[in-house]
Amino acid sequence: MKRNKIIFTANVDLDGDCTFDIDIIRPDVRAHAYFYGDADTFIEFGNKLVTFPQNATETVCFEWGEVGNPSSFGYLRIEAYCASPAGHTALRIIVDNNGERAERHRFEFSILSEAASINKLGALLTNWQVETTSQLVWKAETR
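### Let's talk about helix α1 (residues 43–50)
Here is step 1 of the chain: Here α1 has its buried residues at Phe45, Gly46 and Leu49. When α1 is viewed along its axis, its buried side chains cluster within an angular range of 100° and face the same direction.
Here is step 2 of the chain: Buried residues along α1 sit in contact with β4 (59–65), β5 (75–82) and α2 (115–126).

### Let's talk about the side chain of Glu58
Here is step 1 of the chain: Residue position: Glu58 is located in the loop between α1 and β4.
Here is step 2 of the chain: For the buried Glu58, no salt bridge exists, and the shortest N-O distance to an oppositely charged side chain is 8.2 Å, to Lys48.
Here is step 3 of the chain: There is a polar contact of 2.5 Å between the side chain of Glu58 and the backbone nitrogen of Gln54.
Here is step 4 of the chain: If we ignore the near neighbours within four places in the chain, the residues touching Glu58 are Phe52, Pro53, Ala80, Tyr81 and Cys82.

### A few points about unusual backbone geometry
Here is step 1 of the chain: In this structure, the amide linkage connecting Phe52 to the following residue, Pro53, adopts the cis form with an omega of -10°.
Here is step 2 of the chain: Following the sequence through the fold, Pro53 ends up in the loop between α1 and β4.

### Here we look at the pattern of salt bridges
Should the charged atoms of two oppositely charged side chains come close, the side chains can pair.
Here is step 1 of the chain: Tallied over the entire structure, the rule returns 8 salt bridges.
Here is step 2 of the chain: For Arg26, the salt bridge goes to Asp28, with nearest N and O atoms at 2.7 Å.
Here is step 3 of the chain: Overall, the relative accessible area of 22% leaves Arg26 in the partly exposed class.
Here is step 4 of the chain: Note on Asp28: relative accessible area 57%, which makes it exposed.
Here is step 5 of the chain: For Glu79, the salt bridge identified is with Arg92, shortest N-O distance 3.0 Å. Of the two residues, Glu79 is situated in strand β5 and Arg92 in strand β6 (residues 89–96); the sequence distance between them amounts to 13 residues.
Here is step 6 of the chain: Overall, the relative accessible area of 8% leaves Glu79 in the buried class.

What counts, and where the lines are drawn
- Residues numbered from 1 in each chain as written.
- Predicted model: local features only at pLDDT ≥ 70, side-chain atom pairs only at ≥ 80, totals over all residues.
- Heavy atoms only, no water.
- Buried < 20%, exposed > 50% of the residue type's maximum accessible area, 1.4 Å probe, protein only.
- Helix = DSSP H or I, 4+ residues; strand = E, 2+ residues; numbered from the N terminus.
- Arc of directions from axis to C-beta.
- Contact = heavy atoms within 4.5 Å.
- Lys, Arg positive; Asp, Glu negative; His and termini not counted.
- Salt bridge = Lys/Arg side-chain N within 4 Å of Asp/Glu carboxyl O.
- Polar contact = N/O pair within 3.5 Å; in protein donor to acceptor, adjacent residues only side chain to side chain.

Following this line, the structure appears as structure tokens:
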């Protein structure tokens, strides 16, 4: 059985600037985002995911870019949320390349995952040393 996963890849240049390639994969859909950032780009998001969820209405988001602006590079949103009052959790993914007309694509979908698995993603991102480890792979765990 194929599992949902996110592959984070970072390339660091001599000045410490990073380019990130993010592949979000579900068996029925695959989305990709590419953007520039710093080595600590994901630390705040990771810290919030480690303690997620604190209540049934909490959401934790990572956003890069600006949606719907053709002059911008693209848009990525990864949002952890509670999918039910019983505490089931998921990640909502939005990837928009902000292309014009025929070149435009936008993907929006969710990945169900146990809260403990989302907490594990947070720990991976918080502790990611992009200078020495170029890639992280997170696999969603469900019951």
